[in-house]
Amino acid sequence: MTICLKEFGVVCTLGQSKQAVMDNLLASHNDKNINFLVCDSDLPLEDAQFVGRVPIPNNENIGIISTRNNQLAYMAYCQIASTLEPLIKQYGQDRVAVVIGTSTAGTFEGEQARKALVRDGEYPKEFHYEKQEMAAPSQYIADLCQAKGPVYSVSTACSSSGKVLVSAQALLESGLADVVVAGGVDSLTQLTTNGFKSLESIAKTQCQPFGKNRDGINIGEAAALFIVCKGDDVPNQSQQKTDILLLGTGETSDAYHMSAPAPDGDGAFRAMQCALDKADIKGEQVDYVNLHGTGTIKNDQMEAQAMAKACGEQVLCGSTKRLTGHTLGAAGALEVGLCWLLLSDYNKDNFIPGNVLDGELDNELAKINFSKGQCIENVTYCMSNSFAFGGNNFINLFTFVEFINYVE
């Protein structure tokens, strides 16, 4: 069955629309000094950290359950609503499912409520525990579109929203849904900024993925939502001349260490190879791989080995986390979304974003071809890597078709 990512909505440090994100990807190449991260002193308990914070406007339409996560989700949802509404009318509310990856949900509101409890002796009247539940973001989005099909969240740390597309595919293939709203949303909290600091994984300044002097990550926040359909069911009248297809997925579990990846990158390689095999293409055919690229010593070392083994030394690749921060449970969907943009009409010049650094690349890593920010002849295949604690590896691989009119 052909799976189509029909529409995409996004909110991150790069912008609050598809066009803004694409424009700022280009800007990051044209101006190496441009900075999308901010130095934050509110969340960390100790030293200030660079974080990927999204400016959120006051919006009265968000609904009763107002959390930072839901505010981000609402901003992304508004970008897909006009495409989703006719599909809901066509199939019915009970045939629409929602699957969202997250790791923080309403944790920030829980932190604020706890402070109020200590200060005032009681929780704020507007605080409800269900705001913190991992199912809260998916239920909120389901309420927005009145979806009556399966609704659930996936929470596997940093691979959470990388997994939701295969969950969407399973719902479509099993006949449990005809349309799936799938994606990820995570917001900044003290839990994550200070938790990663305690693991000695936070960069002293801005992260340096695959850099010689890399020393950790920057935490970010984002929301990225897709409308996922069976390709043969999508109407022929497309809003853009290309539509994005999910060709293959790959998943492995190293079970090597609670928080560190297997040093040889074998699990990551096997996940990449699985996605390539399902897509029936060779690694050398991929035009761009958005690497997980956290900027930590061990992740970048093992991922470079896996990349070299799966795709060779010539395929363009790089990390975009210096631009967005590591958005944790939203990272998989956000970086799939960046690949979506590169394959779409928004990328008129076939631009491939660069692996942005202040210093030098680490020449001791396995030899792979880091993009410097360049235009190529065609962008046909993009791959996105998502890795998480416990050696949880997930890969998504995409292509595009023009003026969709496909059959199974």
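The coordinates are above.
Parameters and conventions
Residues numbered from 1 in each chain as written. Predicted model: local features only at pLDDT ≥ 70, side-chain atom pairs only at ≥ 80, totals over all residues. Heavy atoms only, no water. Helix = DSSP H or I, 4+ residues; strand = E, 2+ residues; numbered from the N terminus. Rg over C-alpha atoms; globule rule 2.2 N^0.38 Å. Buried < 20%, exposed > 50% of the residue type's maximum accessible area, 1.4 Å probe, protein only. Areas by Shrake-Rupley, 256 points an atom, 1.4 Å probe, with all protein chains shown as cover. Lys, Arg positive; Asp, Glu negative; His and termini not counted. Charge placed at Lys NZ, Arg CZ, Asp CG, Glu CD. Phe/Tyr/Trp six-rings, centres within 6.5 Å; stacked < 30°, edge-to-face > 60°. Contact = heavy atoms within 4.5 Å. Salt bridge = Lys/Arg side-chain N within 4 Å of Asp/Glu carboxyl O. Axes fitted to C-alpha atoms, helices over the stretch in contact; angles between N-to-C directions. Parallel < 35°, antiparallel > 145°, perpendicular 65-115°, else oblique. Left-handed = near helix turned anticlockwise from the far one by under 90°. Nonpolar A, V, L, I, M, F, W, Y, C, P; charged D, E, K, R; others polar. Core = buried A, V, L, I, M, F, W, Y, C linked by side-chain atoms within 4.5 Å. Expected span 1.5 Å × (residues − 1). Pairing = 2+ DSSP bridges.

1. Overview of the overall build of the chain
When its secondary structure is counted, the chain shows 10 helices and 15 strands. In summary, the chain has a C-alpha radius of gyration of 20 Å against a globular reference of 22 Å for 408 residues, a match within 12%. Once the C-alpha set of the chain is aligned to its principal axes, its extents read approximately 60 × 55 × 40 Å. For the chain, buried positions account for 60% of its 408 residues. Here the chain has roughly 16,500 Å² of accessible surface; of this, 48% comes from carbon and sulfur atoms. Distance between charge centres in the chain, computed from 30 positive and 48 negative side chains, equals 2 Å.

2. Overview of the packing of aromatic side chains
Under the defined criterion, the tally for this structure stands at six aromatic pairs. Geometrically, the ring pair formed by phenylalanine 8 and tryptophan 340 is tilted, given 5.6 Å between the ring centres and 50° between the ring planes. With phenylalanine 8 in strand β1 (residues 3–11) and tryptophan 340 in helix α10 (residues 331–343), this residue pair connects regions lying 332 residues apart in the sequence. Judged by its relative accessible area of 2%, tryptophan 340 falls in the buried class. For the ring pair tryptophan 340 and tyrosine 346, a centre distance of 6.5 Å and an interplane angle of 40° mean the geometry is tilted.

3. Quick word on the side chain of serine 386
Residue placement: serine 386 occurs in strand β14 (residues 382–388). Setting aside chain neighbours within four positions, we find serine 386 in contact with Cys158, Ser159, Gly162, His292, Gly332, Asn392, Asn393, Phe394 and Ile395.

4. Considering the side chain of glutamate 335
Here glutamate 335 lies in helix α10. The exposure class assigned to glutamate 335 is buried, which follows from its relative accessible area of 2%. Sequence-distant contacts of glutamate 335, defined by excluding residues within four places in its chain, comprise Asn290, Leu291, Thr320, Lys321, Ser384 and Asn385.

5. Re the pattern of salt bridges
A complete count under the given rule lists 14 salt bridges for this structure. Between aspartate 40 and arginine 53 there is a salt bridge; the shortest N-O distance is 2.6 Å. Note that aspartate 40 is positioned in strand β2 (residues 38–40) and arginine 53 in the loop between β3 (49–51) and α2 (68–91), a separation of 13 residues in sequence. With a relative accessible area of 28%, arginine 53 lands in the partly exposed category. Within this structure, Arg95, Asp178 and Lys230 form a network of salt bridges that share partners.

6. What to know about the packing of α2 against helix α4 (residues 136–145)
α4 packs onto α2 with a crossing angle of 40° between their chain directions and a minimal axis gap of 9 Å. One way to sum up the angle between α2 and α4 is to call them oblique. Here α2 and α4 pass one another in a crossing that is right-handed. Contacts from Asn69, Asn70, Ala73, Tyr74, Tyr77, Leu84 and Ile88 in α2 reach Ala136, Pro137, Tyr140, Ile141, Leu144 and Cys145 in α4. Looking at side-chain class alone, the contact of α2 with α4 contains 11 nonpolar, two polar and no charged residues.

7. Remarks on the nonpolar core
One finds Leu5, Leu165, Val180, Phe226, Val228 and Phe398 to be the most contacted residues of the largest nonpolar core, which totals 46 residues. Counting residues per element, this core draws most heavily on α10, at nine residues. Apart from residues lying up to four places away in sequence, phenylalanine 398 is in contact with Leu5, Leu165, Ile244, Leu245, Leu246, Leu247, Val336, Leu343, Thr380, Tyr381 and Cys382. If you look at the next biggest cluster of nonpolar residues, it comprises 29 residues, including Ile80, Tyr91, Ala142 and Ile227.

8. Some thoughts on the environment of cysteine 12
As for its placement among the helices and strands, cysteine 12 is situated in the loop between β1 and α1 (18–30). Of the residues examined, cysteine 12 reaches a relative accessible area of 2% and is grouped as buried. Sequence separation of cysteine 12 and glutamate 221 is 209 residues, and the distance between their C-alpha atoms is 6.5 Å. When sequence neighbours within four positions are dropped, the list of residues in contact with cysteine 12 reads Val21, Val54, Glu221, Ala222, Thr324 and Leu334.

9. Structural notes on unusual backbone geometry
A positive phi angle is found at alanine 255, which is not glycine, with a value near 50°. According to the relative accessible area criterion, alanine 255 is exposed, its value standing at 67%. With a phi angle near 60°, aspartate 280 is a residue other than glycine that sits in the positive phi range.

10. Some points on helix α5 (residues 160–173)
Compared with an ideal rise of 1.5 Å per residue, which puts 14 residues at 20 Å, α5 spans 21 Å between its outermost C-alpha atoms and is within 8% of the ideal. With 11 of its 14 residues buried, α5 lies for the most part within the structure. Downstream of α5 by one or two residues, glycine 175 has phi in the positive range, about 80°.

11. Observations concerning α4
Most of α4 is tucked away: seven of the 10 residues are buried. Inspection of α4 places Ala136, Pro137, Ser138, Tyr140, Ile141, Ala142 and Cys145 among the buried residues, and these make up the whole buried set. Positive phi appears at glutamine 146, one or two residues downstream of α4, with a value of about 60°.

12. Digging into the pairing of strand β6 (residues 179–186)
Burial analysis of β6 places eight of its eight residues in the buried class, which makes it a mostly covered element. Residue alternation in β6 divides its side chains into two sets, Val179, Val181, Gly183 and Val185 and Val180, Ala182, Gly184 and Asp186, and both sets are buried. Where strand β4 (residues 96–101) lies against β6, six bridges are found, and the strand directions are parallel. For isoleucine 100, the partnering residue across the bridge sits in β6 and is glycine 183. Across eight bridges, the pairing between β6 and strand β7 (residues 222–230) is antiparallel.

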